[in-house]
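Okay, here's what each chain looks like letter by letter:
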Amino acid sequence: MSLQFKDEEFQSAWKELDEPQLEGGWELFTETMGVKIYRLHDKETGLYEYKVFGVLNNCNAELCAEVYMDLTYRKNWDTYVKELFEKDFGGQNAIYWEVKYPFPMSNRDYVYMRERRDLDVDGRKIWVILARSAPETPCAEKSGVLRVKDYKQSVALESDGGCGTKVFMNYFDNPGGMIPTWLVNWAAKTGVPGFLTDMQKACSNYSKCCTKK
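The written sequence of each chain sets the order in which its residues are numbered from 1. Confidence filtering applies because this is a predicted model: local features only for residues at pLDDT of at least 70, side-chain atom pairs given and counted only at 80 or more, and all residues used for totals across whole chains, interfaces and linings. Values shown for side chains rest on all heavy atoms present in the structure; no hydrogens or waters enter the calculation.

The chain is annotated in an unreviewed UniProt entry as Phosphatidylcholine transfer protein from Champsocephalus esox. UniProt positions are given in the numbering used here, feature names are shortened, and annotations may be inferred rather than shown by experiment. UniProt's Subunit (unreviewed entry) comment on the chain is quoted here verbatim: "Interacts with ACOT13/THEM2."

Participant: How do you make sense of the overall build of the chain when you look at a structure like this?
Facilitator: Working definition: helices are DSSP H or I runs of at least four residues, strands are E runs of at least two. Numbering for both runs from the N terminus. Counting its regular elements, the chain contains four helices and ten strands. Each helix (α) and strand (β) of the chain, taken in turn from the N terminus, gives the series α-β-β-β-α-α-β-β-β-β-β-β-β-α. Computation of the radius of gyration draws on C-alpha atoms, with the globule rule given as 2.2 Å multiplied by the number of residues to the power 0.38. Over its C-alpha atoms the chain spans a radius of gyration of 17 Å, differing by no more than 12% from the 17 Å that the globule rule assigns to 213 residues. The C-alpha extent of the chain, read off along each of the three principal axes, is 50 × 45 × 35 Å. Throughout this description, buried means an accessible area under 20% of the type-specific maximum (1.4 Å probe, protein chains only), exposed means over 50%, and partly exposed covers the range between. Within the chain, the fraction of its 213 residues that count as buried is 44%. Contacts are assigned to residue pairs that have any heavy atoms within 4.5 Å of one another. The long-range fraction of contacts in the chain, counting pairs at least 24 apart against all pairs at least 6 apart in sequence, stands at 58%. Reported accessibility uses the Shrake-Rupley method at a 1.4 Å probe radius. Residues are deemed covered only where the shown protein chains occlude them. For the chain, the accessible area works out to roughly 11,500 Å², and carbon and sulfur atoms hold 50% of it. With 28 positive and 32 negative side-chain charges, the chain shows a spacing of 5 Å between the two charge centroids. His is not counted here, nor are the chain ends, while Lys and Arg score as positive and Asp and Glu score as negative. Working definition for charges: the position is that of NZ of Lys, CZ of Arg, CG of Asp or CD of Glu.

Participant: I would appreciate a short explanation of the packing of aromatic side chains in the present structure.
Facilitator: Both the distance between ring centres and the angle between the ring planes are used here to describe each pair of aromatic rings. We call Phe, Tyr and Trp rings a pair once their centres come within 6.5 Å, taking the six-membered ring for Trp, and we label the pair stacked below 30 degrees between planes, edge-to-face above 60, and tilted otherwise. Across all of its chains, the model carries 14 aromatic pairs by this definition. Aromatic side chains Y50 and Y171 sit 5.3 Å apart centroid to centroid with 20° between the ring planes, which places their arrangement in the stacked category. Highlighted residues: Y50 in strand β3 (residues 48-56) and Y171 in strand β10 (residues 165-173), separated in sequence by 121 residues. Exposure class is identical for Y50 and Y171. Each is buried. An aromatic cluster is defined as three or more aromatic residues linked by ring pairs; in this entry it consists of F29, Y48, Y50 and Y171. Charge-over-ring placement is defined geometrically: NZ (Lys) or CZ (Arg) within 6 Å of the ring centre, and within 35 degrees of the ring normal. The ring of Y48 is capped by R39, whose NZ or CZ atom sits 4.0 Å from the centre of that ring.

Participant: Explain the pairing of strand β4 (residues 81-89) here, please?
Facilitator: Here, any two strands with at least 2 DSSP bridges between them count as paired. Sheet topology places β4 next to strand β5 (residues 92-99); eight bridges connect them, and they run antiparallel. Among the inter-strand pairings, V81 is bridged to a residue of β5, identified as V99. Linkage of β4 to β5, two consecutive antiparallel strands, is achieved through a turn of two residues, within which G90 is found at a positive phi near 55°.

Put into structure tokens, the structure is as follows:
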């Protein structure tokens, strides 16, 4: 999987921690709970791509990266996960992720690849995780579940100089089907900050979980 992402992609992700790249139509969408969310309208799909900047308090960056990568543990703290695992699909290693959607909408699922790199940038330790959909992966679609075939996410993590972690996240997905505008706005305005809050709690409980294992 190391050949799936380019060095430049990792570099552009961590550079956002220093200088957010918001030219070209990015607008501040909302600011809540210490998290700033910007969005960019995608003319082709009519959807938005998002950039998120924030801080996770009382959680060091390496621990954040470990928690973010631990799929088994995520099933314990992310209530929107229906199914999540990594496996070999006919020679293609990928992650399968089914997300719960509110009734009466159908759940969505993703098949994607990801890569984490622990970087040393002039003495700075930065963790970058990239992910994107892998529609060529031979994973059969489920009846009643809509497959998301256009998905990407990048995450960069670095110490805030104290006990917390600076976070940059960039993501886009096209969930397909008819998604009400209110749900899209809710997911961006409250779902993302809520996810970061849940992840912060997950970091504080991670050592307990590992001990139980």
